[in-house]
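Listed below are the residues making up each chain.
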Amino acid sequence: MQRRKFMQQSVLASASVLAASSVKAKSFQKNNAETFHLNYAIHDGMFEESAGKNFLDQIQFAYDNGFRAIEDNGMMDRPVDEQAKIGDKLAKLNMKMGVFVLNFDHWPVKTSLTSGDKEWRNNFLKSCNEAVETAKRCNATWITVVPGNYERSLDMGYQTANVIESLRQGAAIFEPHNLVMVCEALSDTPDLFLRHSDQTVALCKAVNSPSCKFLFDMYHMQRNEGNIINNIDAAWDEIAYLQIGNNPGRNEPGTGEMDYHNILNICIKKTIKVF
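Below: a short report on this structure.

Rules behind the numbers
- Residues numbered from 1 in each chain as written.
- Predicted model: local features only at pLDDT ≥ 70, side-chain atom pairs only at ≥ 80, totals over all residues.
- Heavy atoms only, no water.
- Helix = DSSP H or I, 4+ residues; strand = E, 2+ residues; numbered from the N terminus.
- Buried < 20%, exposed > 50% of the residue type's maximum accessible area, 1.4 Å probe, protein only.
- Areas by Shrake-Rupley, 256 points an atom, 1.4 Å probe, with all protein chains shown as cover.
- Phe/Tyr/Trp six-rings, centres within 6.5 Å; stacked < 30°, edge-to-face > 60°.
- Lys NZ or Arg CZ within 6 Å of the ring centre and 35° of its normal.
- Contact = heavy atoms within 4.5 Å.

With that settled, the discussion passes to the overall build of the protein chain. The helix and strand tally for the protein chain stands at 10 helices and eight strands. Expressed as a percentage of the 275 residues in the protein chain, the buried residues total 52%. Summed over all atoms, the accessible surface of the protein chain reaches about 12500 Å², with 47% contributed by carbon and sulfur.

With that settled, the discussion passes to the packing of aromatic side chains. Aromatic ring pairs are described here by two measures, namely the spacing of the ring centres and the angle between the planes. All chains considered together, the criterion is met by nine aromatic pairs. A ring pair is formed by Phe 36 and Tyr 40, whose centres lie 5.5 Å apart and whose planes are at 85°; its orientation type is edge-to-face. Counting every residue linked through ring pairs, the aromatic cluster contains Phe 36, Tyr 40, Phe 47, Phe 61 and Phe 67. Residue placement shows Arg 68 over the ring face of Tyr 63; its charged tip is 3.8 Å from the ring centre.

Those residues of helix α7 (residues 197-207) lying buried are Ser 197, Gln 199, Thr 200, Val 201, Leu 203, Cys 204 and Val 207. In this structure, the buried residues of α7 make contact with α6 (156-174), β6 (180-184), β7 (212-217), α8 (218-224) and α9 (228-235). Phi turns positive one or two residues past the end of α7, at Asn 208, with a value near 60°.

Functional significance is not addressed by these values, which are geometric in nature.
As structure tokens, then:
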């Protein structure tokens, strides 16, 4: 993604922080013309109690209540016809598709790209090619990548080199399609290889591709390192996607220790896409 184009795009924010699954339709009904100032993205299940289990119905309910985007981590695991139906629904409503997760591995993740194992790398690249087709069906741009756990038998430098090589080959698949894999640093377990901002930026710089960028999840980064505003500023050139959630508990802004009024003001001033 070209920096100029990236900077010109509108601000969005993830509704993963909006614990709305218990909200009833009668108590949460916006005018169709009244949308949120940020383009919040919902997840499957958030409006299940109001709209039912069908994700298409949840998308319609979300649209009717002011949302204009979705995320779907499990998009690649859905049947092809279901992916297409979701894409068609989004197109009809003029809603945006946020991230989906590259499904070469599933949670809890294993020791994969860090190992340098050819079978893991081939599986990763096969999933990259499949992700291109998935992205076409749902009009997606961003694909979340998690490199897996530490390979305890290898020094850190060798593990990093193995991850860089896999990401370079993945980026070569995505570049012709203007797709962006966004590497996500997580805090769920200390076994995870990718955990910090400086480490993720170093990977992206080494891959040196517009198709390999940083998914900066503020909740995880707060848990792992804090100093959110300074780290966003330092990592700015490599950030293509931001996710929000307060700590502790990954709850709504205003519920925890993070000052999202200041954090989001900084992001908006930078005209970054905030998911």
